[in-house]
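A closer look at the structure
Here's the letter readout for the chains.
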Amino acid sequence: MILILGLIILIAAMVVGLAGIFGNTGSGHDLGGGGDFSIFGYHATGSTGALFLIGIIVGAAALLGLALVVMGARRSARRSTRARRELGTSRREATAVEREHERERDDLIKQRDDARAETMRDDARAGTTAPVAEPAAPAAETTAPVAEAPRGRGRWFGHRAAPR
């Protein structure tokens, strides 16, 4: 909002200044020789000091507009930097949680396999060996990791509307 307000003020000051420059050319507009200076129908008659004061006011308005534009741009840059930083932190936390879940899953699988092996040993000692299927190897060890598919060229409206 500040950025837009600054742009509006800056553009208005530029329009007033340019209208004063291009609308008052020639010898008939000299202030010292009885001529007048006009901006959008307002005639500034009198001294060059009054015209100088009007110029200072227009320049101050332009400076205010430029300051608001810079302040708005800096503010949005800070906000986007903070968002990127928080995104990086969030990703690191998600990765840490994922690793912890993998460790817990591996521990549970190991405990299950140890319990099965212990049960089989106890059954073998007691003489009640029933044919028990061997535990299957985890899927991660038997298959190769799948790489992410390369992303295609993005389209504005999704896929093509009609086949070629």
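Let us now look at the pattern of salt bridges. Within the structure shown, the criterion is met by five salt bridges. A salt bridge links Arg-105 to Asp-106, with the shortest nitrogen-to-oxygen separation between them at 3.6 Å. On the accessibility criterion, Asp-106 (43% relative accessible area) is partly exposed.

A surface patch of positive charge is lined by Arg-74, Arg-75, Arg-78, Arg-79, Arg-82 and Arg-85. Mapped onto the fold, Arg-74 is located in helix 2 (residues 48-126).

A low pLDDT means the predicted coordinates there should not be read in detail. On average, residues of the protein chain score 75 in pLDDT, and 59% of them reach the 70 mark or higher. By mean pLDDT, helix 3 (residues 139-142) is the weakest element of the protein chain at 52, and helix 2 is the strongest at 87.

The rules behind the values
- Residues numbered from 1 in each chain as written.
- Predicted model: local features only at pLDDT ≥ 70, side-chain atom pairs only at ≥ 80, totals over all residues.
- Heavy atoms only, no water.
- Salt bridge = Lys/Arg side-chain N within 4 Å of Asp/Glu carboxyl O.
- Buried < 20%, exposed > 50% of the residue type's maximum accessible area, 1.4 Å probe, protein only.
- Patch = residues over 30% accessible without salt bridge, like charges linked within 9 Å, V, L, I, M, F, W, Y side chains within 5 Å.
- Areas by Shrake-Rupley, 256 points an atom, 1.4 Å probe, with all protein chains shown as cover.
- Lys, Arg positive; Asp, Glu negative; His and termini not counted.
- Charge placed at Lys NZ, Arg CZ, Asp CG, Glu CD.
- Helix = DSSP H or I, 4+ residues; strand = E, 2+ residues; numbered from the N terminus.
- pLDDT = per-residue confidence, 0-100.

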